[in-house]
Amino acid sequence: MDATTLGGLLAGVGTVLGAAVAFWGKRGENALTGYSSLTNDLQEERDSLKAERTDLNARLAEQASLRAADQAEITRLRAIITDLGGQP
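Here the structure is a predicted model, which means the values were calculated and not measured.

Procedures and definitions
Just so you know, the residues in each chain are numbered from 1, in the order the chain's sequence is written. In keeping with the predicted nature of the model, local features appear solely for residues at pLDDT of at least 70, side-chain atom pairs appear and are counted solely at 80 or more, and the whole-chain, interface and lining totals rest on all residues. Excluding hydrogens and water, the side-chain figures rest on all heavy atoms present in the structure. Whenever a carboxyl oxygen of Asp or Glu lies within 4 Å of a side-chain nitrogen of Lys or Arg, that contact is scored as a salt bridge. Helix and strand assignments follow DSSP, with helices taken as H or I runs no shorter than four residues and strands as E runs no shorter than two, numbered in order from the N terminus. Here's how the labels work: a residue is buried when its accessible area is under 20% of the maximum for its type, exposed when over 50%, partly exposed in between, all with a 1.4 Å probe on protein chains only.

> Sorry if this is basic, but what is going on with the pattern of salt bridges here?
Think of it this way: side chains of opposite charge can pair up when their charged atoms draw near. A complete count under the given rule lists three salt bridges for this structure. A salt bridge links Asp55 to Arg59, with the nearest nitrogen and oxygen atoms 3.6 Å apart. Of this pair, Asp55 and Arg59 both sit in helix α1 (residues 3-83), four residues apart, which is roughly one turn of that helix. Asp55 gets classed as partly exposed once you look at its relative accessible area, which sits at 42%. Here Arg59 falls in the partly exposed class, since its relative accessible area comes to 47%. The partner of Arg76 in a salt bridge is Glu73, with the nearest N and O atoms 2.7 Å apart. Of the two residues, Arg76 and Glu73 are both situated in helix α1; the distance of three residues between them amounts to about one turn of the helix.

In structure tokens form, the structure reads like this:
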């Protein structure tokens, strides 16, 4: 085998290896892009759930406030019934 044939063979092997490296590198890049996209989606979903939780907590606080007002009104009405001679 002369030097030209050996050089051509090595160039061919180098080309195949270069193509393989480019292929695997592109797959890695695509995987990283997919991972980044998934991470962004999860962060958006997390933020949305945090906003829903905040809204729910506000509604629960409002309900607790209304319940406390109702309990105070019930206590006031019971006192009136007792003052008028009735049984609450």
